[in-house]
Amino acid sequence: MKSFLFFLIGVTLFSCNLKTKSDSLPKKENTNLIANSEKSFNWLIGKWKRTNEKPEKETFEIWKKTSESEYKGIGYTMQNSDTIWQEEMLLSNTDRKWELKIKNPEEEEPVIFEITDFTTNSFIFENHDIDFPNVISYSKNDNKIYATVTGGDTKLAFEFEKLIE
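What counts, and at which threshold
Residues numbered from 1 in each chain as written. Predicted model: local features only at pLDDT ≥ 70, side-chain atom pairs only at ≥ 80, totals over all residues. Heavy atoms only, no water. Pairing = 2+ DSSP bridges. Helix = DSSP H or I, 4+ residues; strand = E, 2+ residues; numbered from the N terminus. Axes fitted to C-alpha atoms, helices over the stretch in contact; angles between N-to-C directions. pLDDT = per-residue confidence, 0-100. Contact = heavy atoms within 4.5 Å. 1 Å grid on protein atoms, 1.4 Å probe; cavity = no way out; pocket = protein on both sides within 12 Å on 5 of 7 lines; lining within 4 Å. Points joined across faces, edges and corners; volume = space filled by probe spheres on them. Nonpolar A, V, L, I, M, F, W, Y, C, P; charged D, E, K, R; others polar. Core = buried A, V, L, I, M, F, W, Y, C linked by side-chain atoms within 4.5 Å. Buried < 20%, exposed > 50% of the residue type's maximum accessible area, 1.4 Å probe, protein only. Phe/Tyr/Trp six-rings, centres within 6.5 Å; stacked < 30°, edge-to-face > 60°. Lys NZ or Arg CZ within 6 Å of the ring centre and 35° of its normal.

A. Seen up close, the sheet that holds strand β10 (residues 154–162). Strand order in the closed barrel made by the ten strands is β1-β2-β3-β4-β5-β6-β7-β8-β9-β10, with antiparallel pairing throughout. Averaged over all pairs of adjacent strands, the angle between their axes in this sheet comes to 25 degrees, without regard to strand direction. Where strand β9 (residues 144–151) lies against β10, eight bridges are found, and the strand directions are antiparallel. The residue bridging threonine 148 from the neighbouring strand is alanine 157, located in β10.

Here it is as structure tokens:
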């Protein structure tokens with residue numbers, strides 16, 4: 001009986017020790033959050049001109065890095081020297097996850113998109129709580145960036161070329 005009691009105490013202590021060791025290891029979810037917080041969007045920085053715009057219009061995006069966890073962008077379209085469309089964009093790391101906030105001047109609050117995919121030269125943000133767009137994706141290839149916004153059956157493709165400043 002004594003040997004069984006010592007065996008039971010030994011197993012209990014051993015299992016407690018294993019639990020302590022596994023609890024001290026980083027969990028996969030936490031690792032993803034940390035990795036997610038260290039993403040770089042530096043390839044967005046600069047002034048970009050849309051190359052697949054209608055001939056009577058000119059569309060631009062300007063991106064600046066304001067801190068290690070924030071990039072600010074502005075997009076606008078000109079026609080006959082007038083700004084006919086504009087939006088502010090903010091890529092920020094909030095609570096160790098990246099968000100894309102987009103705000104038009106007529107909106108009180110920005111629309112928030114959460115990151116769902118990332119590589120060194122592309123990303124995807126999504127928000128399925130709104131009608132359009134649900135998905136915003138960007139990718140870079142050489143001196144061009146490609147942006148796509150999709151929602152429902154609608155898909156808009158944008159091609160931008162970097163302007164030399």
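So, next bit.
B. Molecular detail of the confidence of the model for the chain. Overall, the predicted model of the chain reaches an average pLDDT of 83, with 76% of residues at or above 70. Note that residues 1–35 has pLDDT below 50 and, in this model, four contacts with residues that lie over four places away or in other chains.

C. Representation of the layout of surface pockets. If you add up the space inside the largest pocket, you get close to 540 Å³. Taken together, 26 residues form the lining of the largest pocket, with Trp85, Glu87, Val149, Leu156 and Phe158 sitting closest to its centre. Elements with a minimum of two residues in the lining of the largest pocket: β2 (58–67), β4 (82–94), β5 (97–103), β6 (111–119), β8 (135–141), β9 and β10. Here the lining of the largest pocket gets four residues from one element, more than from any other, and that element is β4. In terms of residue class, the lining of the largest pocket is built from 17 nonpolar, three polar and six charged.

D. Fine view of the nonpolar core. Phe41, Leu44, Trp63, Leu91, Leu100, Phe125 and Tyr138 are the most contacted members of the largest nonpolar core, which has 21 residues in total. Of all the elements in the fold, those that place two or more residues in this core are β4, β5, β6, β7 (122–126), β8 and β9.

E. Inspection of the packing of aromatic side chains at higher detail. Evaluation of the coordinates by the stated rule reveals eleven aromatic pairs. Ring geometry for phenylalanine 41 against phenylalanine 123: centres 5.3 Å apart, planes inclined by 75 degrees, an arrangement best described as edge-to-face. Of the two residues, phenylalanine 41 sits in the loop between α2 (28–37) and β1 (46–50) while phenylalanine 123 sits in strand β7, which places them 82 residues apart along the sequence. Taking relative accessible area as the criterion, phenylalanine 123 reaches 2% and is therefore assigned buried. Taking the centre distance of 5.3 Å and the plane angle of 80 degrees together, the rings of phenylalanine 123 and phenylalanine 125 count as edge-to-face. For the pair formed by phenylalanine 123 and phenylalanine 125, the shared burial category is buried. Here the aromatic residues Phe41, Trp43, Trp63, Tyr71, Trp98, Phe118, Phe123, Phe125 and Tyr138 are joined through ring pairs into a cluster of three or more. The lysine or arginine in question, lysine 47, covers the ring of phenylalanine 60, its NZ or CZ lying 5.1 Å from the ring centre.

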